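Read off the chains here:
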Amino acid sequence: MIELIRPATADAERPYVTRLRSTASSFDPHDAVLVDGDAEGGLFSGAFGIVAIEGIPPGQLEGEVVLVDPARRRIERLLRAESTTNTLLVTERCDQLCVMCSQPPKKTHIDRFDLLERACLLAPEGMLIGISGGEPTLYKERLLTLMERTLSIRADLSFHVLTNGQHFTAADIQRLGAPDYRRVSWGIPLYSTEPALHDLLVGKDGAFAQLEEGLSYLAIAGARIELRTVVMNDNVGGLPALAGYVSSRLRFVEAWSIMQLEHVGFAKNRWPALFFDHSGRFGPIAEALDRALLHGVRAQLFNFPRCTVPAAYRSLAIASISDWKRKFAPACSDCREQTKCSGFFEWHPDEEARVTVRPL
Ligand code: SF4
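Cut-offs and rules
Residues numbered from 1 in each chain as written. Predicted model: local features only at pLDDT ≥ 70, side-chain atom pairs only at ≥ 80, totals over all residues. Heavy atoms only, no water. Pairing = 2+ DSSP bridges. Helix = DSSP H or I, 4+ residues; strand = E, 2+ residues; numbered from the N terminus. Axes fitted to C-alpha atoms, helices over the stretch in contact; angles between N-to-C directions. Parallel < 35°, antiparallel > 145°, perpendicular 65-115°, else oblique. Left-handed = near helix turned anticlockwise from the far one by under 90°. Contact = heavy atoms within 4.5 Å. Nonpolar A, V, L, I, M, F, W, Y, C, P; charged D, E, K, R; others polar. 1 Å grid on protein atoms, 1.4 Å probe; cavity = no way out; pocket = protein on both sides within 12 Å on 5 of 7 lines; lining within 4 Å. Points joined across faces, edges and corners; volume = space filled by probe spheres on them. Buried < 20%, exposed > 50% of the residue type's maximum accessible area, 1.4 Å probe, protein only. Near = heavy atom within 4 Å. Sits in = over half its atoms within 2 Å of the grid points. Disulfide = S-S within 2.5 Å.

**Student:** Just checking my understanding: could you explain the sheet that holds strand S5 (residues 49-54) for this structure?
**Tutor:** Across a sheet, strands are paired by hydrogen bonds formed along the backbone, either parallel or antiparallel in direction. One closed barrel holds the 7 strands; their spatial order is S1-S5-S4-S3-S2-S6-S7, and the pairing between them is mixed. For this sheet the average axis-to-axis angle between neighbouring strands, irrespective of direction, equals 40°. The pairing of strand S1 (residues 5-10) with strand S7 (residues 74-79) spans 3 bridges and is antiparallel. Directly across from arginine 6, in S7, lies its bridge partner isoleucine 75.

**Student:** Could you clarify how one ought to interpret the packing of helix H6 (residues 239-249) against helix H9 (residues 283-294) in this entry?
**Tutor:** Axes are the key here: two packed helices are described by the angle between their axes and the distance separating the axes. Between H6 and H9, the shortest axis-to-axis distance is 8 Å and the interhelical angle comes to 15°. Taken together, H6 and H9 sit at an angle that is classed as roughly parallel. For the pair H6 and H9, the crossing hand works out as right-handed. In contact with Leu239, Pro240, Ala241, Ala243, Gly244 and Ser247 of H6, H9 contributes Pro284, Ile285, Glu287, Ala288, Arg291 and Ala292. In the contact of H6 with H9, the residues fall into 8 nonpolar, 2 polar and 2 charged.

**Student:** What am I meant to see in the sheet that holds strand S11 (residues 184-189) here?
**Tutor:** Pairing is parallel in the open sheet, where 8 strands are placed in the order S8-S9-S10-S11-S12-S13-S14-S15. Looking along the sheet, the strands with just one partner apiece sit at the ends: strand S8 (86-89) and strand S15 (317-318). Pairing between S11 and strand S12 (residues 224-230): 5 bridges, direction parallel. By the bridge assignment for S12, glycine 187 is matched with glutamate 226. Taken strand by strand, helix H2 (residues 140-153) contacts strand S9 (128-132), strand S10 (158-162) and S11, and its axis lies near 165° from that of S10.

**Student:** Help me understand the layout of surface pockets, please; the structure alone is not making it clear to me.
**Tutor:** Rolled over the atoms, a probe sized like a water molecule indicates the empty space that remains. Looking at the second largest pocket, its volume works out to about 230 Å³. Every residue lining the second largest pocket is counted, 17 residues in all, and those nearest its centre are Phe275, Pro305, Phe344, His348 and Thr356. Listing elements by their share of the lining of the second largest pocket, those giving two or more residues are strand S17 (344-345) and helix H10 (350-356).

**Student:** Can you walk me through the pairing of S7 in this structure?
**Tutor:** Here is the key point about a regular strand: its side chains alternate between the two faces of the sheet. Burial analysis of S7 places 6 of its 6 residues in the buried class, which makes it a mostly covered element. In this sheet, S7 lies alongside strand S6 (residues 65-69) in antiparallel orientation, the contact comprising 5 bridges. Directly across from leucine 67, in S7, lies its bridge partner glutamate 76. Between the antiparallel neighbours S6 and S7 lie 4 residues, among them arginine 73 with a positive phi of about 50°.

**Student:** What exactly am I supposed to notice about empty space enclosed by the protein here?
**Tutor:** For the structure shown, the criterion picks out 1 cavity of 30 Å³ or more. For the largest cavity, the lining is made up of 15 residues, of which Cys307, Cys332, Cys335, Cys341 and Val357 are closest to its centre. For the lining of the largest cavity, the residue count by class is 10 nonpolar, 2 polar and 3 charged.

**Student:** It is not clear to me how the site of the ligand should be interpreted in this structure. Could you clarify?
**Tutor:** In the region of the ligand, 13 residues are neighbours, and Cys307, Cys332, Cys335, Cys341 and Pro359 sit closest. The cavity that encloses the ligand is the largest cavity. Taken together, the residues that form the shell around the ligand break down as 10 nonpolar, 1 polar and 2 charged.

**Student:** When you look at the state of the cysteines in this model, what are you seeing that I'm missing?
**Tutor:** Covalently bonding the sulfur atom of one cysteine to the sulfur atom of another cysteine gives a disulfide. Overall, the coordinates contain 0 disulfides when judged by the stated rule. Free of any disulfide, cysteine 101 has its nearest neighbouring cysteine sulfur in cysteine 98, separated by 6.1 Å. Residue cysteine 101 is classed as buried on the basis of its relative accessible area, which comes to 17%.

**Student:** How should helix H4 (residues 195-202) be read in this particular structure?
**Tutor:** In an α-helix, one turn spans 3.6 residues; hence positions three or four apart end up facing the same way. Those residues of H4 that fall on the buried side of the exposure criterion are Leu197, His198, Asp199, Leu201 and Val202. Where H4 is buried, its residues touch S11 and helix H5 (207-221). Following H4 by one or two positions, glycine 203 adopts a phi angle in the positive range, close to 65°.

As structure tokens, this is what we get:
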């Protein structure tokens, strides 16, 4: 696991965002340049002062965009140049309470949009920046402004926003149809065709109806949408019907991601009740994939170790888990497909991973 928070000491009074450089060759006023360092850490100097970062060799920080928080004596590694999966958490508030939530929400919101916008502007060339929460669109105006300002200055960047899709209105259609929004995709969860079941799983009455309305506005705006469905015991039987719904009513989506559960957050204590072991019974998932693909919907599998998926569907199981939270079982080192495999979340029980894998 790659640690995204590192201890640090800084002489600034307020949090700030900076990009770490080993040399001043292409210096930007928001860069901090390495002054001294060894295997234990580095001392960087920039317009906001000095920051001493501990516990990581400075060579591993080259080009990273970090948030320096002097009061908490730490940095957050916001955008890592070496990673293809960087996600900014814009709020921990949410208006749902999903049974499987991997990051249970908090009541309070600390507004960091200005700092995160600065981070986006310093992002490495061509980066796809993930946005998540909580529910980011609870702060829709702040969120859209951040993306619009960034995209207008940085034509090389794009965003992927995880949202429940329920806070868009007809008034947003024109705005979301602007050309820069072709570089924004929206990852939106949908768990069932049965409104009552979807609402139950997300812990919010009326969520399904609001989502249908939100999807319609996004569709009219020509927004790019990736639907997401976490598989659980409660909804796996309805997956083929959901595939039919997506194929007939939501054909405009770019992709449909069927996702396996994360052993963290609320799901950890509810694991026996929620977890559907697809390795022993792939039938409903196969049927859903067949239906979706037959109708031209690009279906894919997230968080499914490839050796647990029947060969005919293995190419749909992509390496979906971010590098900083991914692990493999010891036997995976003998597998020819490791580079294409999701592996397991860092928090997945080791013993369960060990007995699951069958090197290919
Ligand atoms: S053996 Fe490991 S690397 Fe290979 S497919 Fe299974 S989980 Fe993935």
